Amino acid sequence: MTKRHVSAVLFFVTPFGVLFALFYLVPIIYAVVQSLYTVKRKGTFGPATDVFGGLVQYRQVFSDGPFWQSIERVLLFGAVQVPVMLGLALAFALLLDSGLVKGRRFFRLAFFLPYAVPGVVAAIMWGYLYSPNLSPFTAVTASADLLSPSLVLWAMANVVTWIYVGYNMLIIYSALLAVPTEIYEAAKIDGAGPFRTAWSIKIPMVLPAIVLTTVFSIIGTLQLLAEPQVFKSFSSAVSSTYTPNLTVLNASSIPNFHLAAAFSVVLALATFILSFTFLKFTQRKGVQ
Amino acid sequence: MAAFKLPKYAATLVMAVFTLYFLTPLWWLFVASGKKDGQVTDGHALLPDKFAIGENLSDLFRYHDGIFLRWMANSIAYTVGAAAIGTLLAGMCGYALAKYVFRGRELLFNIVLGGVLVPATALALPLFLMFSKVSLANTFWAVFLPSLVNPFGVYLGRIYAAASVPDELMEAARIDGSSEVRTFFTLSVRLMAPAFVTIFLFHFVAVWNNFMLPLIMLGNERLFPVTLGLYSWNTQVNQHPELRALVLVGAFVSLAPMVIAFLSLQRFWRSGLGAGSIK
């Protein structure tokens, strides 16, 4: 490596590196620092000062019932919604790749289109479709109140699924396109039908794509914000601590920034651990 | 032969049924955005009768001194600016990681990859506190600057650069006396063009859809991106029923830039989208 290359590498890496440090690394450190402080007042109405409080905020986070309920809620949401969404995405990708579907270009585009709709706009739109007095689907909304406490979580799961199925389908489909076709020829000669080929060859070949989409879905689930925030206007069943991110927002609007920072840190850690564990788990399985 | 035809139609039929699931809500939004005064149950729900979209559009653009157009312009400024600059920076970093050997390369790559797993919403609150400290919260920059960073783009950039820029070509450019930086801008950028479009599109979508950051950063309505603007209108519908029509027609109009971007760049994202998941 010559000196010339060192300066070139610095030129290429520095701009991104500086911004990454400023807006990714520093905020994480800053959140951790802030979460270790607490506000002390002199008397009831005295001036507030920040003093070091150790793990005071974390004690509050861990004893905060609604926060842990919200974590439970999004985990339940993810345990159902992520497999359904990725199962559909995989099925559509395999159908597109099977050669049995006419009009592939059209379907690909139609299924992908919802991905262009921001979560907020999608939630507003579906909120109207769910509302009994506004929806065009009166037969459905009359027989089941989709905005009731027992169903609203799954009504939101449908919004998220609607947005992301096509996106995940395209990622898996592109991975399928990259599989060399000679493999299929060999399977055909061996007498494998389309289902057998899909199960024994195609799915194992695109496993990395499925892992990638799963990790992104896990991260997305724990960060659920736009949909519940919008649904607060449609359904009284959605409280201001319905998901972990709503809790963060709620704590920061009180405002109790130190507590909100502690919530953020715990949430980020939980997300990181969950997605990292999943990655490690699938990697180990891949080795065997 | 008949036995082979059946699954063919069955597969297409399944796809057709799901097309209804994906497109009907958007079609409804189009029809609803043309209903007078937001009376969405007035007339046929899924056919544009009593269609007054022109009137609704002019109401939308005039309301509150044209605040909606201002929001659209804000969204485009945040998104196009951040995605264009962010894509170039991420692409450069990924290129260096793929094509050069240097100390700390793997460490840098792993830290950036860790960044992919850090949820952007977890950063929103500390960013707000930081920007408040320097009195920049509630400004354009508070949303724009953090939006420039795209760690996933670095990951994609590295994979694409490794796959599409041959070492021999870089060596040839070196022999011709071209500097590394010049080689990147004249040669490598062209070879990586589909990659850049893909990174740009992902980045564009991420910034356009970002909700938590502007929600937490911005108090001034005139700085809102269109998503936050529509959200704030929707929360006021109960007090101000006239806003319902504007929310619906506004939601429909707000989809236009993204749909245009997707359709016009189709050629690129179709070929580039999967590359990130192969390795």
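The written sequence of each chain sets the order in which its residues are numbered from 1. Each chain takes a letter, starting from A, and each ligand takes a number, starting from 1, following the order in which they are written. Only residues with pLDDT of 70 or above have their local features reported here, since the model is predicted, and side-chain atom pairs are shown and tallied only from 80 upward, although totals for entire chains, interfaces and linings are computed over all residues.

### Here's the deal with the overall build of chain A
Phase 1 of the analysis: Helical segments are the DSSP runs of H or I of at least four residues, strand segments are the runs of E of at least two, and each set is numbered from the N terminus. Each helix and strand in chain A was counted, giving 13 helices and two strands.
Phase 2 of the analysis: A radius of gyration in this sense is built from C-alpha atoms; the matching globule rule multiplies 2.2 Å by the number of residues raised to 0.38. Against the globule reference of 19 Å for 288 residues, chain A gives a C-alpha radius of gyration of 24 Å, more extended than a compact globule.
Phase 3 of the analysis: On the principal axes, the C-alpha backbone points of chain A span a range of 85 × 75 × 35 Å.
Phase 4 of the analysis: When each of the 288 residues of chain A is scored for burial, the buried share is 44%.
Phase 5 of the analysis: Residue pairs in contact within chain A that sit at least 24 positions apart in sequence constitute 68% of those at least 6 positions apart. To sort residues by exposure, count the other C-beta atoms lying within 10 Å of each residue's C-beta; 20 or more gives buried, 12 or fewer gives exposed, and values between give partly exposed, all with C-beta atoms placed from the backbone. Placing a C-beta atom from the backbone of each residue, one calls two residues in contact when those atoms lie within 7 Å.

### Comments concerning the interface of chain A and chain B
Phase 1 of the analysis: The partner chain B presents 67 residues to the 73 residues of chain A that form the contact.
Phase 2 of the analysis: The leading source of residues in the side of chain A that touches chain B is helix α1 (residues 3–35) of chain A, at 17 residues.

### Considerations on the pairing of strand β2 (residues 48–52) of chain A
All names here are of chain A.
Phase 1 of the analysis: Of all five residues making up β2, only zero are buried, and the element is barely covered by its neighbours.
Phase 2 of the analysis: Two strands are said to pair when DSSP picks up at least two bridges between them. With five bridges connecting them, strand β1 (residues 37–41) and β2 associate as antiparallel partners. Considered in β2, the bridge of Tyr 37 is made with Phe 52.
Phase 3 of the analysis: The hairpin formed by β1 and β2 contains six residues between the paired strands, and Gly 43 there has a positive phi angle of roughly 70°.

### Some words on the environment of Trp 126 of chain A
Phase 1 of the analysis: Topologically, Trp 126 of chain A is positioned in helix α5 (residues 119–130).
Phase 2 of the analysis: Considering only alpha carbons, one finds Trp 126 of chain A and Asn 158 of chain A, 32 residues apart in sequence, at a separation of 9.0 Å.
Phase 3 of the analysis: Discounting residues that sit within four places of it in the chain, Trp 126 of chain A has contacts with Val 159 of chain A together with Pro 25 of chain B.

### Section: the domain arrangement of chain B
Phase 1 of the analysis: Split by domain assignment, chain B resolves into domain 1 (29–65 + 235–257) and domain 2 (72–229).
Phase 2 of the analysis: A C-alpha centroid distance of 36 Å is found between domain 1 of chain B and domain 2 of chain B. Delimitation of the domains relies on an automatic or database domain assignment.

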